[in-house]
Each structure stands twice: as C-alpha cells, then as structure tokens.
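Here is what each chain is made of, one letter per residue.
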Amino acid sequence: MAMAVAHASTAASKLAVSVGVAPQHSSRAQRVRFVAPVSVSSELQLSKKSRRLRVGAVNGSNLAALYSHSQYREQRSRRGEAMVVRASEVAVKEESGTPSLGLEVVETLEPNSRVHLKVRVPASVCKDCYDQVLKEFGKQAKVPGFRPGKPVPQSVLINYIGTDQIRSSAVEAVLKKTLPEAMSSVAGRSLKDSEHIVTKFADLAADFVPEKPLSYDVAVDVAPEVKWNPENGYKNLKVTVECEADDAVAAQKAADAELQSRVKDLGSLKVVIGRGVEMGDVAIVDVSAVRLNEDGTTGDEILSCKQKGFQLDTDEGGSFLPGFVEALIGIQNGESRSFDLVFPETWEQESLRGMKARFTVEGRELFVRQLPELNDELAPQLVENCTTVAEIKEALLKKHSEQIERVKKQATQFAITNELSKVVDIDIPNSLLEEQGRQMYAAKLIELQASMKLAKEQVVALSSAEMVQNYLIAQKPRITDSVKQSLAVAEIYKIENLEVTDEELDMEVNNAIEEFKRYDQEYDEARVREQVNACLPEIL
C-alpha cells in the first residue's frame, strides 16, 4: 500500500516526499509514524528553516544585534585578545596593481578547518611603510615653529608625534600592505570575518624596527570539506516522521479552539470578590520560581518564569506547565502559594527540560468572563470579510488544515536534515559554530520574549555574555548538527547542480514575514527580501 503523505510544494517543486509503506500506529493513538524515502533533490527547503531563523534574528528585534560578529570583535579587543585586522581598517591606502612584496608565507592546516599562516615581511617593505607613515604625518601634523606644508626634520617630527605612535602606525601600514598577499593562498576558501592576527599588536609595535624584517601569524577558518559516509550517502535516505493520525479531526479541533479564543477576546471581564480561583476564571498573579537541587535546597532564580501582573486564563491550561493551573485553584487575592513542579522533557526552553522548580504565586485580582452570543451579527468582528458564523468556521477550518500540512512538511524536512547530519563527516570551523549558535540563541530569545512577554530587565539578563556563552557550551552538539545540516544541503546543491527559483525565493520571504507576525515583531518587507537574497547565496 502506498500513500502520499507530504509534499513540500507543487509538483514542479524540488521537494516531493511520498510514503513507501503503510502507516503504522505509534503508542500514541492520535498519531502515526511513516517511513519516507528521500529524493536527491529533496533538500532545498530543508535548510530554509535555519535561513529563516537567521533572517529573523537579524531583522526581528534589536536583541539580535547583541550577538553580531562586529560587536563580538569589539568585546574581544577590549578583553585584550588577538586583534582582528582588515585591510580597510588601517591607516595608509593601498596602491592597486602593486607587484609581489616578496613575503615568505608558511601555511599549516589545523583542526576545525583552520589554516595558520606564518608571514615574514622583508625589511624593504617595513622601511617603505615606515617612510610612508612619516611622510603622511609630515603632511598632516601642525608642528610648532614650522609653517603648514613646509618640510619638518625627521628627528623633530618623531619627537613631536612620539616614537610609539609612529611605530604603531607603521605596523598598521605593514599589515595593511601585506595582509592581502599573505591571505592569497586561502582566497576563495576563507570564511568571512574569521581571519585574525594571532600575534599581539602590542608585541609587533614594540619589536618593530624599520630596517629589519617583521613576522606575524594569521589564523583563518576555511570552507570545510564535506565527506559522505558512505559515499553518496544522501541518495538513499529513509526517514520516520510522526504526524496526526486524522488530519481532519485535528484541523477541526484547532479551528474550534481558535473560534472560542476569538469570541473570548470580544468578551468582557467582571471583577470577582469573596472567592478563590475556579476553572474558567481569569486571574492576575505575580509569579516567581527557583531551581530545586537534588537535596531539596533551593537554587538560582529562573528569570524566564518571573512575571509581575501575569494574566492567567484557566481555560488555557494546556499552554502552561503541567499542573500549574491546577495548583492555583482556590487561591484568593492577596494569598501567596508555593508548590513544586517538574518541567517536562518536551518543554520549549531546552535548558529547563527535566528541571524541578519551586513556584511562588501571589493572587492579585480575579475576574470571570462574560461572553457575547455567537451569531451572524458578531461574525464581522471575529474574522475579517466573514459575514456569517458558517463562513468563519469554513475559513478557520481551511486555515488549520493548511497549517497541519505545513507542519507535516516541516516535520519531514526536519527528519531529512537530521538524517543528513548522520551520513556526513565535516571538520566544522569554530567560527561557523559560534555564528550559528549566537543566531540560534537570539532566535530563541526573541521567541521567548514574544511568548512570555518578558520585561526589559529580564531580556537584558538573558542577553548577557555569560548567558550566551553558557548556551554555546551547553548546546554545542545541537549547534554542530545544525551547521552540518546546512553544509550538507549546500554540498548537495553543488553536486546536483540545483538552483533556487524566483518562486522559491518569494516563498522564503513570505515564510520569514510569517515568523515576524507570529512573534509580533516589526519588520520591513524590503529589508526582509534583501536579507533573504543575501542569505541564500551565502549558504548555497
């Protein structure tokens, strides 16, 4: 028995997945598992999720700016770490078309696809840069006792500018002049923003003598080699995907829930006095939580759980930590209640999965909902362009049916990329791991902020360098898999000569915009398209 389960797009799309065996029911009655053989060209949209996160992280919020590579370089500089130097960042302009400088460059391949370059600059180049720096200072410096534009004796100029300043400027000039030629051996395979001079700039300036050679070391990450294990292992993948057993039932359930939510939004809240919380009420509460250690003692505060004036809708118990709503039944205004709960392994915030926590909740206000009658007169207020309840139900059912198909498609794509990471060997550069990890953390923080309405101080605390670094360490295996998946997809595109069509590009832009809307983030459509255009070639 063969049954079509998920299609990434139309028949003309590069991604088409079909089920080759009959569905088998899993232990969860409402879901089924199926095995899908993967076509060679299935991977186009598989890397799009990571690209969408990247676009969202850049445009969705100022939070992402905290993890930009340029800002990270500044932080490293302030900490006194190895100095990153660009040809455009040093003092003297380079002349185009210059002949070889006679550099001696020794290239050594290191782990994590890093190349170490040991560069030796001839004395003639050092002297030329030194003289050029003095010449530039002579033109710009306003030395007392000398008219502007008039020659200043070298000894007077050096004394006026300072030996240290001249040495530093000369070293900058040497680096600017020689770095492009030194990097020529890795041109075309070096990764953007990964190069840095290992030798400390202060040591270079202190040891600089115009009449002597200058040596410095450069490290740069290069594009890693992708090795399939076994060879061409991506061509015969099979993946197992879990989905809803009955799409129609699931879609109807989701449509009914959304309709109920929309009706509630049009209702009013009436203050309740003299009793505790009951199911169906809306309570305003203050929430805090701390970690519970194995010995029963309390640990650090869980910042993401701290909420002042949190609106708790008891009808939405499925959206909260299991047992949270039930623990608050009966709590009255002014009453404080503490209880212990365990975050399930499926909890969205990975760092909290399986953790035991002690919650403290204080009741502040209590309301009961008064809902309007659901009829055709109410229809235009519930869904735009709908004039009857029947039209609303039809529109919502269509929406959730399409959503279930998208989820199924995404689940299939995720399963494929997960399998890809198992059949590919890549010596991943650290710069790629760090870049991807910071983008993933930024995306998670944006999602967390949108879903939990975090206060500004909470966002700042979660955005600290320590928190980001902890995430990079804790999530390194997951980050590694994500990078491997993207690189594997890029390699497949190269091997199979696949291309991104305009239609697919438009779809990616729309997906990115949907992400912004989902998390209530501001966006500029033109800027989103620009970012998508930039990201697609970068990965593919």
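On a predicted model such as this, the values are computed, not experimentally measured, just so you know. (Residues numbered from 1 in each chain as written. Predicted model: local features only at pLDDT ≥ 70, side-chain atom pairs only at ≥ 80, totals over all residues. Heavy atoms only, no water.)

Asks: Describe the overall build of the protein chain, listing the residues and the values that go with them.
Replies: Across its full length, the protein chain holds 16 helices and 17 strands. Burial analysis of the protein chain (540 residues in total) assigns 42% to the buried set. Of the contacts formed within the protein chain by residues at least 6 apart in sequence, a portion of 73% connects residues at least 24 apart. By element, 49% of the accessible surface of the protein chain is carried by carbon and sulfur atoms, the whole surface being about 29,500 Å². (Helix = DSSP H or I, 4+ residues; strand = E, 2+ residues; numbered from the N terminus. Buried < 20%, exposed > 50% of the residue type's maximum accessible area, 1.4 Å probe, protein only. Contact = heavy atoms within 4.5 Å. Areas by Shrake-Rupley, 256 points an atom, 1.4 Å probe, with all protein chains shown as cover.)

Asks: How would you summarise the pattern of salt bridges if you had to cite specific residues and measurements?
Replies: One pass over the full model with this rule turns up 23 salt bridges. The shortest N-O distance in the salt bridge between Arg-369 and Asp-313 comes to 3.0 Å. Note that Arg-369 is positioned in strand 16 (residues 356–370) and Asp-313 in strand 14 (residues 307–313), a separation of 56 residues in sequence. Counted as one network, the salt bridges with shared partners bring together Lys-264, Asp-313, Glu-316 and Arg-369. (Salt bridge = Lys/Arg side-chain N within 4 Å of Asp/Glu carboxyl O.)

Asks: I'd like a rundown of a negative patch on the surface, residues and numbers included.
Replies: A cluster of acidic side chains, namely Glu-373, Asp-376, Glu-377, Glu-391 and Glu-394, defines a negative patch on the protein surface. For Glu-377, the location among the structural elements is in the loop between strand 16 and helix 9 (379–382). (Patch = residues over 30% accessible without salt bridge, like charges linked within 9 Å, V, L, I, M, F, W, Y side chains within 5 Å. Lys, Arg positive; Asp, Glu negative; His and termini not counted. Charge placed at Lys NZ, Arg CZ, Asp CG, Glu CD.)

Asks: If you had to explain the nonpolar core to someone new, which residues and values would you point to?
Replies: Val-119, Val-121, Phe-208, Tyr-216 and Val-218 are the most contacted members of the largest nonpolar core, which has 37 residues in total. The element best represented in this core is helix 5 (residues 163–182), accounting for eight residues. Val-423, Met-440, Leu-454 and Leu-498 belong to the second largest nonpolar core, which has 30 residues in total. (Core = buried A, V, L, I, M, F, W, Y, C linked by side-chain atoms within 4.5 Å.)

Asks: Tell me about the packing of aromatic side chains, and name the residues and values.
Replies: Applying the stated rule across the entire model yields 10 aromatic pairs. On the basis of an interplanar angle of 35° and a centroid distance of 6.2 Å, the ring pair of Tyr-130 and Phe-208 is categorised as tilted. Of the two residues, Tyr-130 is situated in helix 3 (residues 123–140) and Phe-208 in the loop between helix 6 (201–207) and strand 8 (214–221); the sequence distance between them amounts to 78 residues. Comparing Tyr-130 with Phe-208, the two get one shared label, buried. Between Phe-324 and Phe-339, the aromatic rings sit 5.9 Å apart at their centres with planes inclined by 65°, giving edge-to-face as the arrangement. In this pair, Phe-324 is assigned in helix 8 (residues 324–327) and Phe-339 in strand 15 (residues 336–342), connecting sequence segments 15 residues apart. Residue Phe-324 is classed as buried on the basis of its relative accessible area of 7%. An aromatic cluster is defined as three or more aromatic residues linked by ring pairs; in this entry it consists of Phe-310, Phe-320, Phe-324, Phe-339, Phe-343, Trp-347 and Phe-359. (Phe/Tyr/Trp six-rings, centres within 6.5 Å; stacked < 30°, edge-to-face > 60°.)

Asks: Before we move on, could you go through the sheet that holds strand 8 and cite the residues and values that matter?
Replies: Sheet architecture is open: four strands sit in the order 5-6-8-7, paired in antiparallel fashion. Every other strand in the sheet has two partners, leaving strand 5 (104–110) and strand 7 (196–197) as the edge strands with one partner each. Pairing analysis gives eight bridges linking strand 6 (residues 114–121) to strand 8, with the strands arranged antiparallel. Across the sheet, residue Lys-118 finds its bridge partner in strand 8, namely Asp-217. Along the sheet, helix 5 contacts strand 5, strand 6, strand 7 and strand 8; its crossing angle with strand 8, the most-contacted strand, is approximately 50°. (Pairing = 2+ DSSP bridges. Axes fitted to C-alpha atoms, helices over the stretch in contact; angles between N-to-C directions.)

Asks: Which residues make up the pairing of strand 16, and what values go with them?
Replies: Strand direction decides the pairing type here: strand 11 (residues 268–271) and strand 16, joined by four bridges, are antiparallel. Residue pairing for strand 16: Leu-269 is matched across the bridge by Arg-369. When strand 12 (residues 281–292) meets strand 16, the two strands line up antiparallel, connected through 11 bridges. Looking at the pairing, Val-285 lines up with Gly-363 of strand 16.

Asks: Could you give an account of unusual backbone geometry, with specific residues and numbers?
Replies: Note: most peptide bonds trans; most residues except glycine with negative phi. With an omega of 10°, the peptide bond between Asn-229 and Pro-230 qualifies as cis. For Pro-230, the location among the structural elements is in the loop between strand 9 (226–228) and strand 10 (238–244). Within the chain, Asp-193 stands out as a residue other than glycine whose phi angle is a positive 65°. Locating Asp-193 in the fold gives a position in the loop between helix 5 and strand 7.

Asks: With reference to specific residues and values, describe the environment of Val-407.
Replies: Within the element layout of this structure, Val-407 appears in helix 10 (residues 389–420). As a C-alpha pair, Val-407 and Cys-243 span 164 residues in sequence and 8.6 Å in three-dimensional space.

Asks: How would you sum up the state of the cysteines? Please name residues and give values.
Replies: Put plainly, a disulfide is one covalent bond tying together the sulfur atoms of two cysteines. Here the structure, examined in full by the defined rule, presents zero disulfides. No disulfide involves Cys-126; its nearest neighbouring cysteine sulfur is the one of Cys-129, lying 7.0 Å away. Looking at Cys-126, the relative accessible area reads 0%, which means it is buried. (Disulfide = S-S within 2.5 Å.)

Asks: Outline the packing of helix 3 against helix 5, listing residues and values.
Replies: Contact geometry for helix 3 and helix 5: axes closest at 8 Å, N-to-C directions at 120°. The orientation of helix 3 relative to helix 5 falls into the category oblique. Considering how the two elements wind past one another, helix 3 and helix 5 form a crossing that is right-handed. Contact residues: Val-125, Cys-126, Asp-128, Cys-129, Tyr-130, Val-133, Leu-134 and Phe-137 in helix 3; Gln-165, Ile-166, Ser-169, Ala-170, Ala-173, Val-174, Lys-177 and Thr-178 in helix 5. Tallied by class, the residues present in the contact of helix 3 with helix 5 amount to 11 nonpolar, three polar and two charged. (Parallel < 35°, antiparallel > 145°, perpendicular 65-115°, else oblique. Left-handed = near helix turned anticlockwise from the far one by under 90°. Nonpolar A, V, L, I, M, F, W, Y, C, P; charged D, E, K, R; others polar.)

Asks: Any chance you could break down the packing of helix 3 against helix 4 (residues 154–161) for me, citing the residues and the numbers?
Replies: It is at 11 Å that the axes of helix 3 and helix 4 come closest, and there the two elements cross at 80°. It follows from the interaxial angle that helix 3 and helix 4 lie roughly perpendicular. Every residue of helix 4 that contacts helix 3 at Tyr-130, Leu-134, Phe-137 and Gly-138 is listed here: Gln-154, Leu-157, Ile-158 and Ile-161. Looking at the contact of helix 3 with helix 4 residue by residue, the classes come out as six nonpolar, two polar and no charged.

Asks: Break down the side chain of Ser-482 for me, with residues and values.
Replies: Checked against the element boundaries, Ser-482 lands in helix 14 (residues 476–496). On the basis of relative accessible area, Ser-482 is assigned to the buried category, the value being 13%. Sequence-distant contacts of Ser-482, that is, excluding residues within four places in its chain, are made with Gln-436 and Met-440.

Asks: A description of the environment of Lys-484 should follow, citing residues and the corresponding values.
Replies: Considering the arrangement of structural elements, one finds Lys-484 in helix 14. The buried category is assigned to Lys-484, whose relative accessible area is 15%. C-alpha separation for the pair Lys-484 and Ile-428, spaced 56 residues apart in sequence, amounts to 7.6 Å. Residue contacts for Lys-484: discarding those within four places in its chain leaves Ser-421, Val-424, Ile-426 and Ile-428.

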